[in-house]
Amino acid sequence: MLFPSPSTLLKHAFSSLYSSSTSSSLTIQAEEEHFKKTITTPTIVQHHSHSLFHFLSAGVGISKHANKEEIHKIMHTNSYYPQISHSDQVFEKSSGEDSYFQTSIALGVGDGVGGWVKHGVDPSLISRAMTKSLLFYFSEKEKALMIYHKDEVKPTPHTTFLSSSSKWLIPLKSNNNNEMFIKESPINILTRVYDSIKASGSVRAGSTTFSLVMLSDPRTGAMESLNVGDSGFMIVRNNRIIYKSETQQHRFNAPYQLTICPPERAGRCIMNEPKDGSYHEMLLEEGDIVVLGTDGLFDNLFDYQILNILNQGRVATLYAKEEEAKLYKEASQGNLDAINELNQFVLSKARTIAAVAKKVADSEDPFTVTPFGQEYRKHSGKSMIGGKSDDITVVVALLVKKMISADLKTKQ
């Protein structure tokens, strides 16, 4: 033993002050007991660090009826998350009958079916109700699963917050890794939201298509998605499309849709359930790009056109890859300049994709070729002039890592 124990030091100290008499021995014994009582329980400080995946995203929704001033406002709003989490935050019904929401763990777009207008129904009501309900659900999940703000941390009797290297912390309760993922499937989540809206009576009638993408396990990048109808999404990795959701239609231009059918229709509605949607799961990687859109996007732009916009300004060289990896690392460590650069990337891409799609949609050029025009000719035998006028909604998301750490002190 290199150093004597505290009790040995105490014995020697008291021995030099007192004689070896019995009374002195009793005094030493009493002092030792007092010393033991005053020793505090050791506190061990542990540094916990997790690397969790999350989305940096930006949404742009343009109503087909938007005037120049409204389009200008939409295009000049910093609509990246968390600056904007719902399309109505730009201004009410900025996306027309479309709607979108975005969080760090889930993204969604909905398209209210325009045919309800002739029945006196606002088609935007159901799509906006769906996205608002899902935004609330996933915002709560952000807090419960992995993202606690410093002010929201509630210390337990045994664990107290000391300090953190970033604004966001792991939950102090999360010793159990099972708490770090979403246990419900997107089918169950969308079903509960859909059923709740129907039961509440807040929307009397209407239909919407829907596309939902969520990180079911932020630790691994596991993604689950559900697509109902002709809204959809694509995933881009290393400058190429590695997946695109399936379009679901009963017949040409009659997509699957989540419907609230009013009594006067006596069931004469196209009606689908979330379980009818196309479910998909896959493992995402850092740097993957997810592009969600309503049919206003995918009916007017081909996949290669969207891909070309995403790849503009990105050079596929080893140096560029190294610089990109460095940027991701800095962002994961909370570097604000790096985070802002990535936010500006997704925002500029969402704006550009939406602007190009809007230009095509409004085109009356007989030589304009669109995906919808090709399908129209296939089913009708007639040519379509120009683009397809429609609301256009685009959400571009980039998957990045976030280092989440906190110092915890635990009494042993």
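S.K.: Whenever I open this one, the overall build of the protein chain confuses me. Can you help?
M.R.: A count of helical and extended segments in the protein chain gives ten helices and 16 strands. Looking at the protein chain residue by residue over its 412 residues, the buried ones come to 49%. The contacts of the protein chain with a sequence gap of at least 6 include a subset with a gap of at least 24, amounting to 72%. Only carbon and sulfur atoms are counted for the fraction: they give 52% of the accessible area of the protein chain, which is about 20,500 Å².

S.K.: Is there a simple way to think about the packing of aromatic side chains in this case?
M.R.: The description of an aromatic ring pair uses the distance of the two centres, along with the angle that the planes make with each other. Taken as a whole, this structure holds five aromatic pairs when the rule is applied. Note on Phe233 and Tyr243: the rings are 5.7 Å apart at their centroids and 45° apart in plane angle, and the pair reads as tilted. Separated by ten residues along the polypeptide, Phe233 in strand β9 (residues 232–237) and Tyr243 in strand β10 (residues 240–244) bring together distant segments of the chain. Of the aromatic side chains, those joined through ring pairs into one cluster are Phe101, Tyr137 and Phe138. Over the aromatic face of Tyr194 sits the side chain of Lys198, whose NZ or CZ is 4.2 Å from the ring centroid.

S.K.: In this structure, what is going on with the nonpolar core? I would like to understand it.
M.R.: Considering soluble globular proteins, one finds that nonpolar side chains tend to be buried as a cluster. Of all hydrophobic cores here, the largest spans 59 residues; its most connected members are Phe55, Leu284, Val291, Leu297, Ile306, Ile353 and Val396. The greatest single-element share of this core, amounting to eleven residues, is contributed by helix α9 (residues 336–361). Leu284 has contacts with Phe55, Leu215, Thr220, Gly221, Met223, Ile235, Arg237, Val290 and Leu399, leaving out every residue within four places of it along the chain. Counting residues in each nonpolar core, the second largest holds 24 residues, with Ala106, Ile126, Leu134 and Ile197 among its members.

Thresholds, definitions, all that
Residues numbered from 1 in each chain as written. Predicted model: local features only at pLDDT ≥ 70, side-chain atom pairs only at ≥ 80, totals over all residues. Heavy atoms only, no water. Helix = DSSP H or I, 4+ residues; strand = E, 2+ residues; numbered from the N terminus. Buried < 20%, exposed > 50% of the residue type's maximum accessible area, 1.4 Å probe, protein only. Contact = heavy atoms within 4.5 Å. Areas by Shrake-Rupley, 256 points an atom, 1.4 Å probe, with all protein chains shown as cover. Phe/Tyr/Trp six-rings, centres within 6.5 Å; stacked < 30°, edge-to-face > 60°. Lys NZ or Arg CZ within 6 Å of the ring centre and 35° of its normal. Core = buried A, V, L, I, M, F, W, Y, C linked by side-chain atoms within 4.5 Å.

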